[in-house]
Amino acid sequence: MARDDPGIIERAARAAGEAEASAAQALSPYANARWLERLADLGDQPQLRTLCVAAIAAGLAAGRASGYGPRLARAGLRMLVAHQLATMGKNFVKRRIDRTRPRSLSRPGKHHRPSPGSSEAKEETSFPSGHAAGAAAVARAFAREFPRHRSAATAAGAVLAAVQVPRCAHYPSDIGAGLALGLAAEVGVAALWPESAASVSEAAPQEEVEPCES
């Protein structure tokens with residue numbers, strides 16, 4: 001193969017990059033929609049951390065007599081720790097990779113390709129998505145204590161992550177990388193702090209008991 005002929009993987013990566021950049025540009029008319037902005041704000045760090053603290057407070061206030069208080073408090077603390085770990089992970093990556101956000105691609109000399117760098121400018125730190133990382137970590141941590149609500153938590157986290165694309169704040173690959181970081185952070189927390197016996201019991205499939213014949 002000729003030296004200047006990129007490999008299949010490189011060509012595929014370039015094509016994928018061009019596709020997601022084009023998709024971001026196509027969605028730009030919706031970037032400033034007020035409802036979209038309000039929805040996206042729910043995935044900001046202060047809002048997610050407030051949710052974690054609220055869960056802890058609600059659990060402590062409910063107490064053991066409620067039957068769910070201790071689990072809710074544990075869930076809130078688990079969410080908070082997982083979110084912090086995810087935030088540290090995304091900051092570690094952002095400080096080493098520069099990528100122009102979709103909304104700033106129209107500026108002269110800007111492109112969508114990630115590259116090694118240490119820029120601290122907000123518009124140059126698109127990769128990975130901190131919103132996606134935080135939302136994934138918090139949603140999975142909650143589901144760890146309340147597996148019955150795993151689907152709802154996962155859906156909420158996915159929406160908070162995906163909404164960053166039409167906002168032109170992130171590319172789909174930024175979202176994917178953020179989700180991976182968030183899930184990895186939560187798995188790390190779970191490895192050091194296993195879920196409660198009640199959570200394990202709730203997650204286990206219930207066997208049907210056949211009635212005894214008289």
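You'll find the structure just up there.
In what follows, the accompanying structure is described. (Residues numbered from 1 in each chain as written. Predicted model: local features only at pLDDT ≥ 70, side-chain atom pairs only at ≥ 80, totals over all residues. Heavy atoms only, no water.)

Let's talk about helix 7 (residues 172–192)
Step number 1: Helix length check: helix 7, at 21 residues, gives a terminal C-alpha distance of 31 Å against a target of 30 Å (1.5 Å per residue), a fit within 8%.
Step number 2: Along helix 7, the residues that are buried comprise Asp174, Ile175, Gly178, Gly182, Ala185, Glu186, Val189 and Ala190. The buried residues of helix 7 occupy one face: seen down the axis, they fall within an arc of 140°.
Step number 3: On its buried face, helix 7 is in contact with helix 4 (69–94), helix 5 (130–145) and helix 6 (150–162). (Helix = DSSP H or I, 4+ residues; strand = E, 2+ residues; numbered from the N terminus. Expected span 1.5 Å × (residues − 1). Buried < 20%, exposed > 50% of the residue type's maximum accessible area, 1.4 Å probe, protein only. Arc of directions from axis to C-beta. Contact = heavy atoms within 4.5 Å.)

Regarding the side chain of Asp174
Step number 1: Relative to the helices and strands, Asp174 is located in helix 7.
Step number 2: Asp174 gets classed as buried once you look at its relative accessible area, which sits at 0%.
Step number 3: A polar atom in the side chain of Asp174 sits 2.7 Å from the side chain of Arg99.
Step number 4: In this view, Asp174 contacts Arg99, Ser126, Phe127, Pro128 and Ser129; residues no more than four positions away in its chain are not counted. (Polar contact = N/O pair within 3.5 Å; in protein donor to acceptor, adjacent residues only side chain to side chain.)

Quick look at the pattern of salt bridges
Step number 1: A complete count under the given rule lists eight salt bridges for this structure.
Step number 2: We note a salt bridge from Arg78 to Glu145, for which the minimum N-O separation is 3.1 Å. Of this pair, Arg78 sits in helix 4 while Glu145 sits in helix 5; the two residues are 67 residues apart in sequence, bridging distant segments of the chain.
Step number 3: The closest approach of N and O atoms between Glu124 and Lys110, which form a salt bridge, is 3.0 Å. Of this pair, Glu124 sits in the loop between strand 2 (115–116) and helix 5 while Lys110 sits in the loop between strand 1 (97–98) and strand 2, and the two are 14 residues apart along the sequence.
Step number 4: Here Glu124 falls in the buried class, since its relative accessible area comes to 14%.
Step number 5: By relative accessible area, Lys110 is classed as partly exposed at 34%. (Salt bridge = Lys/Arg side-chain N within 4 Å of Asp/Glu carboxyl O.)

Focus on the layout of surface pockets
Summary: where empty space remains is shown by rolling a probe the size of a single water molecule over the atoms.
Step number 1: Considered as a void within the structure, the largest pocket measures approximately 310 Å³ in volume.
Step number 2: As for the largest pocket, its lining consists of 21 residues, of which Asp44, Arg101, Lys122, His131 and His170 are closest to the centre.
Step number 3: Every element with two or more residues in the lining of the largest pocket is listed here: helix 3 (45–62), helix 4 and helix 5.
Step number 4: For the lining of the largest pocket, a count of residues per class yields four nonpolar, nine polar and eight charged.
Step number 5: Considered as a void within the structure, the second largest pocket measures approximately 230 Å³ in volume.
Step number 6: As for the second largest pocket, its lining consists of 14 residues, of which Leu51, Met79, Val138, Ala139 and Ala156 are closest to the centre.
Step number 7: Elements with a minimum of two residues in the lining of the second largest pocket: helix 3, helix 5 and helix 6.
Step number 8: For the lining of the second largest pocket, the element with the highest residue contribution is helix 6, accounting for five residues.
Step number 9: Its residues assigned to classes, the lining of the second largest pocket comprises 13 nonpolar, one polar and no charged. (1 Å grid on protein atoms, 1.4 Å probe; cavity = no way out; pocket = protein on both sides within 12 Å on 5 of 7 lines; lining within 4 Å. Points joined across faces, edges and corners; volume = space filled by probe spheres on them. Nonpolar A, V, L, I, M, F, W, Y, C, P; charged D, E, K, R; others polar.)

Quick look at the packing of helix 5 against helix 7
Step number 1: Interhelical geometry of helix 5 versus helix 7 gives an angle of 35° and a closest axis separation of 7 Å. Crossing handedness for the pair helix 5 and helix 7: right-handed. In this structure, helix 5 contributes Ala132, Ala133, Ala136, Ala137, Arg140, Ala141 and Arg144 to the contact, and helix 7 contributes Ile175, Gly178, Leu179, Leu181, Gly182, Leu183, Glu186, Val187 and Ala190.
Step number 2: By residue class, the composition of the contact of helix 5 with helix 7 is 11 nonpolar, two polar and three charged. (Axes fitted to C-alpha atoms, helices over the stretch in contact; angles between N-to-C directions. Left-handed = near helix turned anticlockwise from the far one by under 90°.)

A look at the packing of aromatic side chains
Note on aromatic pairs: each is described by the distance of the centres and the angle between the planes.
Step number 1: Across all of its chains, the model carries one aromatic pair by this definition.
Step number 2: Judged by centre distance (5.1 Å) and plane angle (20°), the rings of Phe142 and Phe146 are stacked.
Step number 3: Exposure remark for Phe142: the relative accessible area of 24% places this residue in the partly exposed category.
Step number 4: Note that Arg78 overlies the ring of Trp193, its terminal NZ or CZ placed 4.5 Å from the centroid.
Step number 5: Here the guanidinium or amino end of Arg99 rests over the ring plane of Tyr171, the centre of that ring lying 4.1 Å away. (Phe/Tyr/Trp six-rings, centres within 6.5 Å; stacked < 30°, edge-to-face > 60°. Lys NZ or Arg CZ within 6 Å of the ring centre and 35° of its normal.)

Observations regarding helix 1 (residues 8–26)
Step number 1: Here helix 1 spans 27 Å end to end across 19 residues, near enough to the 27 Å set by a 1.5 Å rise per residue.
Step number 2: All of the buried residues along helix 1 are Gly17, Glu20, Ala21 and Ala24. Down the axis of helix 1, the buried set is contained in an arc of 100°. They therefore lie on one face. In helix 1, the exposed positions angled more than 90 degrees off the buried face are occupied by Ile8 and Ala26.

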